[in-house]
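Single-letter residue listing:
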Amino acid sequence: MTDLDRVRQTVEVDSGRVTLEYDYLILAMGGRTSYFGHPDWENHAPGLKTLDDACRIREKVLLAFEKAEMETDPDERRRLMTIAVIGGGPTGVEMAGALAELRRHVLAREFKNIRPEQARILLIEGGPRLLPSFPERASETARSELERLGVEILLGETVQEITAGIVKTPRRTIRAENLVWAAGVQGHPLATRVGCTLEKAHRVPITPQLHLVAQPHLYCLGDMAWLPGRDGKPLPGVAPVAIQQ
């Protein structure tokens, strides 16, 4: 799908080569990584939205350990074995935990000159707690579990600059071979075609029945939809929400 005409109730596919009419339209196109106005950061801190993204991140992490195995300079070896995950939402928390388990259980006996379990995993969050869209109890549980796994959690540190292997916050400069971006998600670009005012992350406001307020024939769900829960806070962009929708 490449375009939408809500007045004529048609969608274009393959850049206009095919036009389809609809009576009801359900949009569930997901989201995309947002770098908050810094698209150049993507070259140095890839996001995690697809299976290909996951494979690339895993490959780069494993190659960094291979380089560290052959490195004799202790400072450079430490940099190669440092991974910084930016963003303390669901994606960042899961990524940091997965990396901590990878170094401790999967890679622990694969090398002779380095000890992978001593690799440094950092989780950087600009807010005061992890999982800000979840209850505080969940935030505290996530923090304690990550700390048990050896993850260093840096709260209240907003990223100011990202370059090759370097991330800067107001408090420190971190040198790491691998940077992973998990700090921002915004709605699919075609959300701008639905004909309503989008919320700040370009997600589509919907009713509890999952259709747009003034367009009962146009539904939206998943990561590109914005719907407050019973507590008034927007439901998070995670799989359980999309599955229930």
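Before reading further, recall that the structure is shown in the block above.
So, here is what we can say about the structure in this document. What you see is a predicted model; the values in this text were computed from it and never measured.

**Some words on the sheet that holds strand β4 (residues 25-27)**
- Read across the open sheet, the three strands follow the order β4-β16-β15; overall the sheet is mixed. Looking at which strands have only one partner, the edges of the open sheet turn out to be β4 and β15 (211-212).
- Pairing between β4 and strand β16 (residues 215-220): three bridges, direction parallel. Residue pairing for β16: Ile26 is matched across the bridge by Tyr219.

**Quick look at the environment of Asp5**
- Looking at the secondary structure, you find Asp5 in strand β1 (residues 3-5).
- On the basis of relative accessibility, which here comes to 27%, the residue Asp5 falls in the partly exposed class.
- Separated by 189 residues in sequence, Asp5 and Val194 place their C-alpha atoms 8.0 Å apart.
- At 3.1 Å, the side chain of Asp5 forms a polar contact with the backbone nitrogen of Val7.

**Notes on the packing of aromatic side chains**
- Taken as a whole, this structure holds four aromatic pairs when the rule is applied.
- Here the aromatic residues Tyr35, Phe36, Trp41 and Trp181 are joined through ring pairs into a cluster of three or more.

**Some remarks on the sheet that holds β1**
- The strand order β1-β2-β3 describes an open sheet built from three strands, whose pairing is antiparallel. The open sheet terminates on both sides in strands that have one partner only, identified here as β1 and β3 (18-21). Going across the sheet, the axis of each strand differs from the next one's by a mean of 20°, ignoring polarity.
- Here four bridges tie strand β2 (residues 10-13) to β3, and the two strands are oriented antiparallel to one another. Across the sheet, Glu12 pairs through a bridge with Thr19, a residue of β3.

**As for the nonpolar core**
- Counting residues in hydrophobic clusters, the biggest one holds 30 residues, and the most contacted among them are Phe65, Leu99, Leu123, Leu130, Leu146 and Val151.
- Elements that contribute at least two residues to this core include exactly α1 (51-70), β6 (82-86), α3 (90-106), β7 (120-125), α4 (136-148) and β8 (152-155).
- In contact with Val151, not counting residues within four places along its chain, are Ala96, Ala100, Arg103, Ile121, Leu123 and Leu146.
- Counting residues in hydrophobic clusters, the runner-up holds 17 residues, among them Val204, Cys220, Leu221 and Ala225.

**Some words on the pattern of salt bridges**
- Here the structure, examined in full by the defined rule, presents 16 salt bridges.
- Here Arg148 makes a salt bridge to Glu145, at a shortest N to O gap of 2.9 Å. Within this pair, Arg148 and its partner Glu145 are both found in helix α4, separated by three residues, close to a single helical turn.
- Accessibility expressed as a relative area gives 52% for Arg148, which makes it exposed.
- Here Glu157 makes a salt bridge to Arg171, at a shortest N to O gap of 3.8 Å. Linking Glu157 in the loop between β8 and β9 (161-163) with Arg171 in the loop between β10 (166-168) and β11 (173-175), this pair joins segments that are 14 residues apart in sequence.
- Counted as one network, the salt bridges with shared partners bring together Lys67, Glu76, Arg79 and Glu177.

**Things to note about the environment of Ile86**
- Tracing the backbone through its elements, the reader meets Ile86 in strand β6.
- By relative accessible area, which is 3% here, Ile86 ends up buried.
- Ile86 sits 65 residues away from Val151 along the chain, and the two C-alpha atoms are 13 Å apart.
- Non-local contacts of Ile86, meaning those with residues more than four positions away in its chain, are made with Ile124, Val159, Ile162, Val167, Val180, Trp181, Ala182 and Ala183.

**Describing the packing of α3 against α4**
- Between α3 and α4, the shortest axis-to-axis distance is 10 Å and the interhelical angle comes to 20°. In this view, α3 runs roughly parallel relative to α4, as classed from their interaxial angle. Here α3 runs over α4; the crossing is left-handed. Along the contact surface, α3 presents Val93, Ala96, Gly97 and Arg104, while α4 presents Ala142, Leu146 and Arg148.
- Grouping the amino acids of the contact of α3 with α4 by side-chain chemistry returns four nonpolar, one polar and two charged.

Parameters and conventions
Residues numbered from 1 in each chain as written. Predicted model: local features only at pLDDT ≥ 70, side-chain atom pairs only at ≥ 80, totals over all residues. Heavy atoms only, no water. Pairing = 2+ DSSP bridges. Helix = DSSP H or I, 4+ residues; strand = E, 2+ residues; numbered from the N terminus. Buried < 20%, exposed > 50% of the residue type's maximum accessible area, 1.4 Å probe, protein only. Polar contact = N/O pair within 3.5 Å; in protein donor to acceptor, adjacent residues only side chain to side chain. Phe/Tyr/Trp six-rings, centres within 6.5 Å; stacked < 30°, edge-to-face > 60°. Axes fitted to C-alpha atoms, helices over the stretch in contact; angles between N-to-C directions. Core = buried A, V, L, I, M, F, W, Y, C linked by side-chain atoms within 4.5 Å. Contact = heavy atoms within 4.5 Å. Salt bridge = Lys/Arg side-chain N within 4 Å of Asp/Glu carboxyl O. Parallel < 35°, antiparallel > 145°, perpendicular 65-115°, else oblique. Left-handed = near helix turned anticlockwise from the far one by under 90°. Nonpolar A, V, L, I, M, F, W, Y, C, P; charged D, E, K, R; others polar.

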